[in-house]
Amino acid sequence: MKVLVANLGSTSFKYRLFDMSEGAASMLTSGGFERVTEYTPCIDEMLAKLVDDGHLASADELEAVGFKTVLGKDLSGCVDADEHVLAALDGFQEVAPAHNPAYAEGIRSFAERCPRARRVALFETAFYQWVAPAASHYAIPKAWRDLGIRRYGFHGASHKFVAERSAELLGRDDVAERVRQLYLRGPGECDGPPLRVLSCHLGGSSSVTGIRDGVAIGTSMGFSPQSGLPQNNRVGDLDAMAIPYACKMLGLTLDEAERQLTRKGGLLGLSGVSNDARDVRAAAAEGNADARLAHGVLIDSIRHWAGSFHFRMGGAEVISFTAGIGENDAELRAAVCAGLEDLGVKLDPTRNAAVTRGAEGLISADDSAVKIMVIPANEELVIAREVFRHVTHQPSLSSQST
Ligand code: ADP
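Please read all numbers here as calculations on a predicted model, not as lab measurements. (Residues numbered from 1 in each chain as written. Predicted model: local features only at pLDDT ≥ 70, side-chain atom pairs only at ≥ 80, totals over all residues. Heavy atoms only, no water.)

Draft legend 1. A look at the sheet that holds strand 6 (residues 118-122). Judged by pairing direction, the sheet is mixed, and its 6 strands sit side by side in the order 3-2-1-4-6-5 without closing on themselves. Each having just a single partner strand, strand 3 (26-33) and strand 5 (78-80) make up the two edges of the open sheet. Strand-to-strand, the axes of this sheet are offset by a mean angle of 20°, without reference to chain direction. The pairing of strand 1 (residues 2-8) with strand 4 (residues 64-67) spans 4 bridges and is classified as parallel. By the bridge assignment for strand 4, A6 is matched with F67. Against the sheet, helix 17 (residues 379-393) contacts strand 1, strand 2 (13-19), strand 4, strand 5 and strand 6, and its axis sits at roughly 125° relative to strand 6. (Pairing = 2+ DSSP bridges. Helix = DSSP H or I, 4+ residues; strand = E, 2+ residues; numbered from the N terminus. Axes fitted to C-alpha atoms, helices over the stretch in contact; angles between N-to-C directions. Contact = heavy atoms within 4.5 Å.)

Draft legend 2. Looking closely at the packing of helix 12 (residues 277-285) against helix 13 (residues 289-313). One way to put it is that helix 12 packs onto helix 13 with a least axis distance of 7 Å and a crossing angle of 125°. One finds that helix 12 runs oblique with respect to helix 13. Helix 12 and helix 13 meet at a crossing whose hand is left-handed. On the side of helix 12, the interface is formed by V280, R281, A283 and A284, while helix 13 contributes A291, R292, A294 and H295. By residue class, the composition of the contact of helix 12 with helix 13 is 5 nonpolar, 1 polar and 2 charged. (Parallel < 35°, antiparallel > 145°, perpendicular 65-115°, else oblique. Left-handed = near helix turned anticlockwise from the far one by under 90°. Nonpolar A, V, L, I, M, F, W, Y, C, P; charged D, E, K, R; others polar.)

Draft legend 3. A look at the pattern of salt bridges. Throughout the structure, instances matching the rule amount to 25 salt bridges. Residue E380 is joined to R16 by a salt bridge in which the shortest nitrogen-to-oxygen separation is 3.7 Å. Within this pair, whereas E380 is found in helix 17, its partner R16 is found in strand 2, the two being separated by 364 residues in sequence. Relative accessible area serves as the criterion here: at 14%, E380 is assigned to the buried category. Residue class for R16 comes out partly exposed when judged on its relative accessible area of 29%. When the shortest N-O distance is used, the salt bridge between K49 and D53 registers 2.8 Å. Given a relative accessible area of 43%, K49 falls into the partly exposed group. D53 gets classed as partly exposed once you look at its relative accessible area, which sits at 42%. (Salt bridge = Lys/Arg side-chain N within 4 Å of Asp/Glu carboxyl O. Buried < 20%, exposed > 50% of the residue type's maximum accessible area, 1.4 Å probe, protein only.)

Here's what the structure looks like:
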């Protein structure tokens, strides 16, 4: 079965084509487009290229297309990308304006061009559907809650991959299997001692998730992808009263405040240098005080959230790092884990320095009770597998009737 994973970023369109024969994913090809304003021409070009390059006999050979949809109103999980998904994306386009309209356009375009392909949406929020109500609600009036304002969480595909892979690396096949079946069967029972993971996805956008026995108990991101840790140019957590105060004092409209919080905040806002963690670190090393502050705020925020989940889970067996910063920045990993020997967290500096992007590795000392790991991000693989499982386990109405 050929499954295409479509990743429609705010300014990019990336794709990966997988062959899922026997359920094992092998990537056939990948590609993408930058500075995208309209997705449909890119999709046309991509389909033509896949045929020209011999990966598909025709667009009809595509059996499924998976979409990493971000946030849907009243909808989550791994579901057929049908009218319900389009309505859910539309319902929350104010909250994810860079992503939801893009996915709606992409889903419609694929429906027209590849009508035989099953379209499946894997919401980034899906991994958090079992988070307890006490951990997913804000203390706001009921009318606000009725709008759907609550904690959702994002980076679900990435944290899910970490949950599965860290269990595999520790030989916990029971937990890994639970993660693999999560969206089809629900959490179910798990044997053996607890496996508690503090999963740090640190990239252009970042989040920390607490995962117990393969199931998320909470995450640093809340209602929108603008929350939690400071992001590249997005604000992260902020006291709600700061917004009306800044609007009044600086004479900003609400739209302008929103623009600044979503484009001029985060590492860029703090450092005044760049939205790229590499530039911020280089400027900090040269003595730029604002850049040093930005770096420090990021590290403090990671520790804040990891500490919260450590306490809430009653401990941790694993701390994992993934994505651009997490996979590459050994100094930041060391700073996150510093001074935690009393919690059983002990980094091995040589192992830590040796792991760079693309490499998977254990970076804790042999006598560290908590295993510290670097796990390269692999969201597309999760999506391809989930799409395959969804399609093979949940026949569509049309295929049921044949
Ligand atoms: P995204 O989150 O945008 O999908 P990535 O996971 O690749 O993308 O993360 C991108 C971020 O990773 C960049 O903002 C960059 O700051 C950071 N990064 C990449 N390489 C390094 C490095 N060697 N050291 C520190 N940060 C890095």
